[in-house]
Amino acid sequence: VQLQASGGGLVQAGGSLRLSCAASGRTFRMYSLGWFRRAPGEDSEFVAAIGWSADTTYFSDSVKGRFTISRDDAKNTMYLQMNSLKPEDTAVYYCAARRSYSDTYYYQSSEYDYWGQGTLVTVSS
């Protein structure tokens, strides 16, 4: 599976962005997916994850209530809708995928096998 993240950019605090993660492959629907981010000088941080179904989602406390995660299996694409952005959301955002055998999510980076190249989100104050 190859992943391509896009949609990053510069936005003012309080604004919104939608990130996309396009995947290759014909079994996309069998993959659990996630978003991670890395701010300058910091370790990678889990952001959000989704299982096979739209109801199986999990968010970090720092983004809960502001970000939503979704997937469109017909388009082999995952999305991260980011609202009420804060300067502390500034980071490179990475999408990740792993083959799964049940409808579940994963929130540790070590559990993912495939990674996109990252897209930069900058939130100005």
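Provided above is the structure to which this section pertains.
Residues numbered from 1 in each chain as written. Predicted model: local features only at pLDDT ≥ 70, side-chain atom pairs only at ≥ 80, totals over all residues. Heavy atoms only, no water.

### A short note on the pattern of salt bridges
Two side chains bearing opposite charge may form a pair once their charged atoms approach each other closely. Threshold: Think of a salt bridge as a Lys or Arg side-chain nitrogen and an Asp or Glu carboxyl oxygen that are within 4 Å of each other. Secondary structure elements follow DSSP: runs of H or I no shorter than four residues count as helices, runs of E no shorter than two count as strands, and numbering proceeds from the N terminus. Each residue is assigned to one of three classes by its accessible area relative to the maximum for its type, calculated with a 1.4 Å probe on protein chains only: buried under 20%, partly exposed between the two thresholds, exposed over 50%.
The tally for this structure, following the rule as stated, stands at 5 salt bridges. A salt bridge links aspartate 89 to arginine 37, with the shortest nitrogen-to-oxygen separation between them at 2.9 Å. Highlighted residues: aspartate 89 in the loop between strand S8 (77-82) and strand S9 (91-99) and arginine 37 in strand S4 (residues 31-38), separated in sequence by 52 residues. For the pair aspartate 89 and arginine 37, one class covers both residues: buried. Several salt bridges share partner residues, and in doing so they unite Arg37, Glu45, Arg66 and Asp89 into one network.

### Side note on the packing of aromatic side chains
Definition in use: Between 30 and 60 degrees the pair is tilted, below 30 it is stacked and above 60 it is edge-to-face, where a pair is any two Phe, Tyr or Trp rings, Trp via its six-membered ring, whose centres lie within 6.5 Å. Two thresholds decide whether a charge sits over a ring: the Lys NZ or Arg CZ must be within 6 Å of the ring centre and within 35 degrees of the ring normal.
Scanning all chains against the criterion turns up 10 aromatic pairs. Taking the centre distance of 6.2 Å and the plane angle of 65° together, the rings of tyrosine 31 and tyrosine 114 count as edge-to-face. Of this pair, tyrosine 31 sits in strand S4 while tyrosine 114 sits in strand S10 (residues 114-115), placing them 83 residues apart in sequence. A relative accessible area of 9% places tyrosine 31 in the buried class. Ring centres 6.4 Å apart and planes at 85° place the aromatic pair tyrosine 106 and tyrosine 112 in the edge-to-face group. Judged by relative accessible area, which is 14%, tyrosine 106 ranks as buried. Over the aromatic face of phenylalanine 28 sits the side chain of arginine 71, whose NZ or CZ is 5.0 Å from the ring centroid.

### Focus on the sheet that holds strand S3 (residues 17-23)
Note the threshold: Any two strands between which DSSP finds at least two bridges are classified as paired. What counts as an axis is a line fitted to C-alpha atoms, over the stretch in contact for a helix, and the angles between N-to-C directions run from 0 to 180 degrees.
What the 4 strands build is an open sheet, ordered S1-S3-S8-S7; its pairing is antiparallel. Among the strands making up the open sheet, the edge pair consists of strand S1 (3-6) and strand S7 (67-72). The mean inter-strand angle of the sheet, taken between neighbouring strand axes irrespective of direction, is 15°.

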